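# Remarks on the overall topology
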Amino acid sequence: MRKVVFVQGGGLGLDQEQAVRRLFEAARVPVEFEVHTAGRAALEHGLDALPAATFDAIRGCGIALKTKLLQPKGAGTPTAHGPLVPTNYNVAFRRKLGLFASVRPVHNLPGIPSRFSGVDFLLVREITEDLYTASEHEIVPGVVQSFKIVTEAACTRFFRLTFELARRTNRKTVHCIHKANILKMADGLFLDCYRTVAKDYPEITPKDLIVDNTCNQLVSRPQQFEVLAAGNLYGDLLSDLGAGLVGGVSTTAAINRGHDVTVYEAVYGASHESVPPDTANPLPLILPAIEMLKDIGEAPAAERIRAALCAVLTEGKVRTRDIGGTAGTVAFTDAIVARV
């Protein structure tokens with residue numbers, strides 16, 4: 001039995017967890033979840049938002065499946081004079097574990113309406129630096145300065161993982177996404193590191209593309225891409241754009257990688273105040289769970305669950321409201337379980 005740490009952030013993540021448990025049971029997956037809470041779910045149990053025990057368990061196991069961590073109730077928006085809420089728990093979670101790359105598979109799902117077919121690329125995003133270091137200050141009232149941090153060490157590490165992933169998945173091109181025509185030093189360094197690492201992978205064709213042209217190309221002919229490698233900010237924007245190409249955030253997953261830890265993460269979550277119990281779409285957690293099974297050597301079980309899911313979506317009779325149906329979480333899960 002393989003142990004996996006399950007990180008529960010609360011809200012609709014509770015419904016998503018039950019859906020995944022039922023699918024794993026139906027597919028006879030030899031995985032045992034060790035459940036830990038974080039974010040609002042931990043606060044509601046009288047714990048720290050990011051409990052040390054949760055991180056100790058993940059480091060010890062090396063693998064985790066995670067729902068989205070919710071902020072405290074009534075959280076506001078940060079201002080130039082200081083944050084009104086704690087640091088984003090999901091970002092802080094990744095930093096504490098030393099996760100440095102987020103992989104988003106972007107591909108069509110049968111039965112999910114989208115403007116394009118035949119889309120199948122990986123978006124790989126560096127998640128430790130860039131503007132997301134949140135290194136900023138107010139110089140004088142009305143003038144704020146934010147720093148874009150780019151280092152050779154982080155870029156080289158990131159591109160090495162990207163090319164290894166492309167090699168492992170038999171993809172023949174990697175596009176580096178940048179704005180080096182304007183940010184000649186910061187994005188210039190990012191691009192230089194990419195070209196240096198690319199030399200070690202002669203079987204993969206390196207290409208680079210300015211980020212604004214990338215957006216144009218993605219909404220014109222997304223089928224041309226196999227792997228996109230981007231910094232933190234551009235990668236964040238392109239992640240949502242990519243999801244929009246294939247039907248929305250419910251169709252994507254996130255695999256966050258570090259040196260010795262991998263976290264498979266739902267990219268969508270909300271409170272039960274926003275999404276009442278038994279109404280949520282469980283796909284945002286089912287899809288990263290399938291990716292996790294493939295990576296831990298349970299590819300046959302992953303394929304059974306994926307095939308069952310695709311059959312239900314193709315038939316189209318049972319869907320949650322966000323993808324054009326009326327079913328609740330349990331009913332949608334029931335339909336997939338029956339196919340497994």
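Structure: see above.
This is a predicted model, so every value here is computed, not measured.

## Focus: the environment of Tyr 201
Note that Tyr 201 resides in the loop between helix H6 (186-198) and strand S9 (205-210). Owing to a relative accessible area of 2%, Tyr 201 belongs among the buried residues under this scheme. Tyr 201 sits 34 residues away from Arg 167 along the chain, and the two C-alpha atoms are 8.2 Å apart. Setting aside residues up to four positions removed in sequence, Tyr 201 forms contacts with Arg 160, Phe 163, Glu 164 and Arg 167.

## Considering the nonpolar core
As a rule of thumb, nonpolar side chains are buried together in soluble globular proteins. In this structure, Phe 24, Leu 65, Phe 93, Phe 159, Met 292 and Leu 293 are the most contacted members of the largest nonpolar core, which totals 81 residues. The element that contributes the greatest number of residues to this core is helix H9 (residues 283-295), accounting for eight residues. Membership of the second largest hydrophobic core comes to 16 residues, among which are Val 106, Val 119, Val 211 and Leu 245.

## Looking at the pattern of salt bridges
One pass over the structure, following the stated rule, counts 21 salt bridges. Between Asp 56 and Arg 59 there is a salt bridge, and its shortest N-O distance comes to 3.7 Å. Taken together, the positions of Asp 56 and Arg 59, both in helix H3 (residues 52-61) and three residues apart, correspond to about one turn of that helix. Assessed through its relative accessible area of 52%, Asp 56 is described here as exposed. The exposure class assigned to Arg 59 is partly exposed, which follows from its relative accessible area of 45%. Arg 339 is the salt-bridge partner of Glu 315, the closest N and O atoms lying 3.2 Å from each other. Remark: Arg 339 occurs in helix H11 (residues 329-339) and Glu 315 occurs in helix H10 (residues 299-315); sequence separation between them is 24 residues. Take Glu 315: its relative accessible area is 42%, and that puts it in the partly exposed class. Several salt bridges converge on common partners, so that one network encompasses Lys 66, Arg 94 and Glu 265.

## Here's the deal with the pairing of strand S3 (residues 63-66)
Moving residue by residue along a regular strand, the side chains alternate between the two faces of the sheet. Residues Ile 63 and Leu 65 point to one face of S3 and Ala 64 and Lys 66 to the other, with burial holding for every one of them. Where strand S1 (residues 2-8) lies against S3, three bridges are found, and the strand directions are parallel. Its bridge partner lying in S3, Val 5 is registered against Ala 64. Relative to strand S12 (residues 262-265), S3 is paired through four bridges, and the arrangement is parallel. Residue pairing across strands places Ala 64 opposite Val 263, the latter belonging to S12.

## Details of a nonpolar patch on the surface
A surface patch of nonpolar side chains, about 230 Å² in accessible area, is lined by Ile 139, Val 140 and Val 143. One can find Val 143 in strand S7 (residues 143-146).

## Section: the packing of aromatic side chains
All told, the structure shown has nine aromatic pairs when counted by the stated rule. Measuring from ring centre to ring centre gives 6.2 Å for Phe 158 and Phe 190, while their planes differ by 25 degrees; the resulting arrangement is stacked. On the criterion of sequence distance, the pair formed by Phe 158 in helix H5 (residues 152-168) and Phe 190 in helix H6 is long-range, its members being 32 residues apart. The same class applies to Phe 158 and to Phe 190, which are both buried. Aromatic ring contacts, followed pair by pair, group Phe 158, Phe 159, Phe 163, Phe 190, Tyr 194 and Tyr 201 into a single cluster. The side chain of Lys 66 reaches across the aromatic face of Phe 93, ending 5.2 Å from its centre.

## Quick notes on H9
Here H9 is 13 residues long and its end C-alpha atoms lie 18 Å apart, about the 18 Å a rise of 1.5 Å per residue gives. Burial analysis of H9 places eleven of its 13 residues in the buried class, the great majority of the element. The complete set of buried residues in H9 reads Leu 283, Pro 284, Leu 285, Ile 286, Leu 287, Pro 288, Ala 289, Ile 290, Glu 291, Met 292 and Leu 293.

## What about the side chain of Thr 251?
Mapped onto the secondary structure, Thr 251 falls in the loop between helix H8 (232-245) and strand S11 (254-257). At 2.6 Å, the side chain of Thr 251 forms a polar contact with the backbone oxygen of Gly 248. Not counting the four nearest positions on each side in its chain, Thr 251 is found in contact with Leu 109, Ile 112, Ala 243, Val 246 and Leu 287.

## Some points on the packing of helix H1 (residues 13-26) against H9
Two elements in contact, H1 and H9, have axes separated by 9 Å at closest approach and are oriented at 40 degrees. Judged by the angle between their axes, H1 and H9 are oblique. Along this stretch, H1 crosses H9, giving a crossing that reads as right-handed. The residues of H9 that touch H1, namely those facing Gln 16, Glu 17, Val 20, Leu 23 and Phe 24, are Pro 284, Leu 285, Ile 286, Ala 289, Met 292 and Leu 293. Along the lines of polarity and charge, the residues of the contact of H1 with H9 split into nine nonpolar, one polar and one charged.

## So, the packing of helix H7 (residues 211-218) against H8
Look at H7 against H8: their axes get within 11 Å of each other, and the N-to-C directions meet at 5 degrees. Here H8 runs roughly parallel to H7, going by the angle between their axes. In this structure, H7 contributes Val 211, Thr 214, Cys 215 and Leu 218 to the contact, and H8 contributes Tyr 234, Leu 238, Leu 241 and Leu 245. Taken together, the residues of the contact of H7 with H8 break down into seven nonpolar, one polar and no charged.

Criteria and thresholds
- Residues numbered from 1 in each chain as written.
- Predicted model: local features only at pLDDT ≥ 70, side-chain atom pairs only at ≥ 80, totals over all residues.
- Heavy atoms only, no water.
- Helix = DSSP H or I, 4+ residues; strand = E, 2+ residues; numbered from the N terminus.
- Buried < 20%, exposed > 50% of the residue type's maximum accessible area, 1.4 Å probe, protein only.
- Contact = heavy atoms within 4.5 Å.
- Core = buried A, V, L, I, M, F, W, Y, C linked by side-chain atoms within 4.5 Å.
- Salt bridge = Lys/Arg side-chain N within 4 Å of Asp/Glu carboxyl O.
- Pairing = 2+ DSSP bridges.
- Patch = residues over 30% accessible without salt bridge, like charges linked within 9 Å, V, L, I, M, F, W, Y side chains within 5 Å.
- Areas by Shrake-Rupley, 256 points an atom, 1.4 Å probe, with all protein chains shown as cover.
- Phe/Tyr/Trp six-rings, centres within 6.5 Å; stacked < 30°, edge-to-face > 60°.
- Lys NZ or Arg CZ within 6 Å of the ring centre and 35° of its normal.
- Expected span 1.5 Å × (residues − 1).
- Polar contact = N/O pair within 3.5 Å; in protein donor to acceptor, adjacent residues only side chain to side chain.
- Axes fitted to C-alpha atoms, helices over the stretch in contact; angles between N-to-C directions.
- Parallel < 35°, antiparallel > 145°, perpendicular 65-115°, else oblique.
- Left-handed = near helix turned anticlockwise from the far one by under 90°.
- Nonpolar A, V, L, I, M, F, W, Y, C, P; charged D, E, K, R; others polar.

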